[in-house]
Amino acid sequence: MADLKRKENHMENFTFYSPTFFAFGKETEKDAGKYVKKFGGSKVLLHYGGKSAEKSGLLDRVKKSLEEEGIDYIALGGVKPNPRSGLVYEGIELCREEGVDFVLAVGGGSVIDSSKAIAAGTVYDGDFWDFYQGKRIEEALPVGTILTISAAGSEGSPDSVITKEEGMFKRGASGDAIRPKFSILNPELTQTLPAYQTAAGATDIMAHLYERYITNSTEVEVTDRLIEALLLTMKYEAPRVIADPNNYQARANIMWAGMMAHNHSCGVGRSQDWNSHTIEHELSALYDCAHGAGLAVTMPAVFRYVMKHNVMRFAQVAVRVWGCEMNFENPEVTALEGIEAFQKFLISLGMPSNFEELGAKKEDIPKLVEVLCRGDGRDGTITGFVTLDEEDCTKIYEMMV
Ligand code: NZQ
Ligand code: ZN
């Protein structure tokens, strides 16, 4: 493990541009057509996933809203969780043929990310996958979202994650051009979620907060405190919503927390980690598990492995969020207690804690490490809070068994 010596960086310079318009609350999806018009759309690609939006009647309500505003649309469903490149290519072709000028996502992170990829790919001359190999997205069709699961935060983020079928590389792309122009957040729409998906979503939200908390920057108190507030909110609300799926207040708080966790307001001015996400992405790519469930298994292992790099960071969150008592003689004890409390909490929500529960296989570890560290042009390492090489990543996956 490289970079074990702590770097001291104070609050860094940053730019922050987050122009998404949010409509939050009950029945807000009825205004979808108005918002599409407001943001310049006249021919829409209505993009959605499997059956959930059809079954709940949401898709029909959105179509009606578009029709009321006289907006033409074509529908493209079938986005799978951990969205694939094949449907993105199909969507790009369709948008070009039909002269689409606005992409409207109805669904979760997978649908939104597929929409963003289509929006960027439609106006790009080359292969859209270039963006997922590091090219920044500078231009895209406008995207709007109607969110149905609190999880990925894609409704407010400049990011998209797609899996390329050849090689099953799961990679991310970024650019302010794909930040949604508007996002409709009606917490009621999340009440049809199975408990497992609700819990996986909550885990992902907490992961987005942890990935930003685990930093080498010092004295960025404002974001430390924001993150702690959001983690405390999730600690309070997630069990309430698992106990009662129709608890609107809990769903509402989680939905807004999910947006705030990932529109980068909690990450400005500080370095961030993201190694847990990078390591998890290989699990959801290979086993098609829910991203949040993969994170529930990955995070505790990564945290235990890297915590010595800055024990006080982990001790601080243990005390401030998990209510652990500070052991001044040996802060490592407190740090570990915090990680354990977090893992127990995730298990109590119904999340897996090891490879077997996730459906992952020990014998695949060399393959996972190969794709993680070498796949798609990587140089043998991944980097974040610390730089991890193939040996480190092997040990981390072994800790999850
Ligand atoms: O396809 P349908 O039928 O809609 O079913 C979905 C899917 O099976 C179901 N679902 C969604 N809303 C529902 C519902 N079922 C009943 N009622 C509802 N209201 O839930 C399942 C999961 O949906 P998905 O969109 O995959 O979930 P999520 O929002 O967690 O998105 C996961 C994807 O986002 C990526 C992940 O890697 C993963 O590919 N991420 C995207 C990020 C971003 N763009 O900023 C950041 C994240 O860290 C993450 O990596
Ligand atoms: Zn995530």
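Refer to the structure printed above.
Here helix α14 (residues 365-374) crosses helix α15 (residues 390-400) at 135°, and the two axes come no closer than 10 Å. Taken as axis vectors, α14 and α15 run oblique relative to one another. For the pair α14 and α15, the crossing hand works out as right-handed. Here α14 contributes Ile365, Leu368, Val369, Leu372, Cys373 and Arg374 to the contact with α15, which in turn contributes Glu390, Cys393, Thr394, Tyr397 and Glu398.

Turning to the coordination of the zinc ion (ligand 2), a few remarks are in order. Protein-derived ligands of the zinc ion (ligand 2) are Asp204 (OD), His208 (NE2), His277 (NE2) and His291 (NE2), with the metal-ligand distances lying across 2.0 to 2.2 Å. Counting gaps between the donor residues of the zinc ion (ligand 2) yields the pattern D-x3-H-x68-H-x13-H. Of this pair, His277 sits in helix α9 (residues 275-287) while His291 sits in helix α10 (residues 291-306); the two residues are 14 residues apart in sequence, bridging distant segments of the chain. No difference in accessibility class separates His277 from His291, as the two residues are buried.

Before going further, it helps to spend a moment on the site of ligand 1. As a structural note, the neighbourhood of ligand 1 is formed by 31 residues, with Gly50, Ser52, Gly109, Ser110 and His208 the closest of them. Here an oxygen atom of ligand 1 and a backbone polar atom of Gly109 are 2.7 Å apart. The separation between an oxygen atom of ligand 1 and a polar side-chain atom of Ser157 is 2.9 Å. Counting residues per element, the ones that place at least two in the shell around ligand 1 are α5 (109-122), β6 (159-164), α6 (195-213) and α9. Each residue belonging to the shell around ligand 1 can be placed in one class, and the counts come to eight nonpolar, 18 polar and five charged.

Before going further, it helps to examine unusual backbone geometry. Of note in the backbone geometry, Met168 takes a positive phi value of approximately 50° without being a glycine. On the secondary structure map, Met168 appears in the loop between β6 and β7 (169-174). Phi at His264 is positive, roughly 85°, even though this residue is not glycine. Checked against the element boundaries, His264 lands in the loop between α8 (248-262) and α9. You can call His264 buried: its relative accessible area is 19%.

Conventions and cut-offs
Residues numbered from 1 in each chain as written. Chains lettered and ligands numbered in written order. Predicted model: local features only at pLDDT ≥ 70, side-chain atom pairs only at ≥ 80, totals over all residues. Heavy atoms only, no water. Axes fitted to C-alpha atoms, helices over the stretch in contact; angles between N-to-C directions. Helix = DSSP H or I, 4+ residues; strand = E, 2+ residues; numbered from the N terminus. Parallel < 35°, antiparallel > 145°, perpendicular 65-115°, else oblique. Left-handed = near helix turned anticlockwise from the far one by under 90°. Contact = heavy atoms within 4.5 Å. Donors = N, O, S within 2.8 Å, 3.2 Å for Na, K, Ca; no water. Buried < 20%, exposed > 50% of the residue type's maximum accessible area, 1.4 Å probe, protein only. Near = heavy atom within 4 Å. Polar contact = N/O pair within 3.5 Å; in protein donor to acceptor, adjacent residues only side chain to side chain. Nonpolar A, V, L, I, M, F, W, Y, C, P; charged D, E, K, R; others polar.

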